[in-house]
Amino acid sequence: ALPILAKLNIWRGKVVEEAQLIVPVRSGYLRSTIYGFVVGWYVEIGAMASYAPFVEFGTSRMVARPFLQPAVLMYQNNLEMIFLEAIDEAKGATGL
């Protein structure tokens with residue numbers, strides 16, 4: 001079985017790819033700033049464009065056009081399975 005960090009990196013890549021597919025595109029800058037990284041069991045997905053929160057959540061004058069949350073939600077079950085498998089593997093390694 002793959003180590004959990006490898007599984008989390010694969011998951012991160014899928015979420016970033018999905019976000020890049022569904023993000024609204026005008027110039028392509030917002031899409032180019034979507035990122036994801038894994039540190040330990042921590043995964044961060046986001047976008048560096050200063051206006052990314054306004055696109056994701058909307059404003060009083062602009063309807064929200066989410067792209068990060070839907071991408072994460074699309075793969076949420078996969079993430080849960082990664083952690084459950086890691087827990088089962090750890091239990092098996094300790095004889096529990």
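Residues numbered from 1 in each chain as written. Predicted model: local features only at pLDDT ≥ 70, side-chain atom pairs only at ≥ 80, totals over all residues. Heavy atoms only, no water.

K.L.:
Just checking my understanding: could you explain the environment of Glu17 for this structure?
P.N.:
If you trace the backbone, Glu17 turns up in helix 1 (residues 4-22). Residue Glu17 is classed as exposed on the basis of its relative accessible area of 51%. Taking C-alpha positions, Glu17 is 8.4 Å from Ala71, a pair spaced 54 residues apart along the chain. (Helix = DSSP H or I, 4+ residues; strand = E, 2+ residues; numbered from the N terminus. Buried < 20%, exposed > 50% of the residue type's maximum accessible area, 1.4 Å probe, protein only.)

K.L.:
Quick question: what am I supposed to make of the packing of aromatic side chains here?
P.N.:
Here a ring pair, both rings aromatic, is described through the centre-centre distance and the interplanar angle of the planes. Within this structure, the stated rule accounts for 4 aromatic pairs. Measuring from ring centre to ring centre gives 6.5 Å for Phe37 and Tyr42, while their planes differ by 55°; the resulting arrangement is tilted. Given the relative accessible area of 34%, Phe37 is considered partly exposed. Taking the relative accessible area as the measure of exposure, Tyr42 reaches 46% and is therefore partly exposed. (Phe/Tyr/Trp six-rings, centres within 6.5 Å; stacked < 30°, edge-to-face > 60°.)

K.L.:
Before we go on, may I ask you to explain the side chain of Glu56 in this structure?
P.N.:
Examined against the element boundaries, Glu56 turns out to sit in helix 3 (residues 52-57). Of the side chains bearing the opposite charge, Arg65 lies closest to the buried Glu56, which forms no salt bridge; the N-O distance is 10 Å. In this structure Glu56 touches Ala64, Arg65, Pro66, Phe67, Leu68, Gln69 and Pro70, once residues within four positions along its chain are discounted. (Lys, Arg positive; Asp, Glu negative; His and termini not counted. Salt bridge = Lys/Arg side-chain N within 4 Å of Asp/Glu carboxyl O. Contact = heavy atoms within 4.5 Å.)

K.L.:
Looking at this structure, I do not really get the nonpolar core. What am I missing?
P.N.:
Taken as a class, soluble globular proteins show a tendency for nonpolar side chains to be buried jointly. The biggest cluster of nonpolar side chains holds 22 residues, and the ones touching the most others in it are Leu30, Ile34 and Phe67. It is helix 1 that contributes the most residues to this core, 6 residues altogether. Residues in contact with Leu30, not counting those within four places in the same chain, are Val23, Pro24, Ala47, Ala49, Tyr51, Ala52, Val55 and Phe67. (Core = buried A, V, L, I, M, F, W, Y, C linked by side-chain atoms within 4.5 Å.)

K.L.:
Looking at this structure, how should I read the environment of Leu68?
P.N.:
Mapped onto the fold, Leu68 is located in helix 4 (residues 68-74). For Leu68, a relative accessible area of 15% translates into the label buried.

K.L.:
Please clarify how the pattern of salt bridges should be interpreted in this entry.
P.N.:
Any two side chains of opposite charge can pair, on the condition that their charged atoms come close. By the definition in use, this model includes 2 salt bridges. In this structure, the salt-bridge partner of Glu85 is Lys7, at a minimum N-O distance of 3.1 Å. Here Lys7 lies in helix 1 and Glu85 lies in helix 5 (residues 76-94), a separation of 78 residues in the sequence. Under the relative-accessibility criterion, Glu85 is labelled partly exposed at 34%. The shortest N-O distance in the salt bridge between Lys7 and Glu89 comes to 3.5 Å. Remark: Glu89 occurs in helix 5 and Lys7 occurs in helix 1; sequence separation between them is 82 residues.

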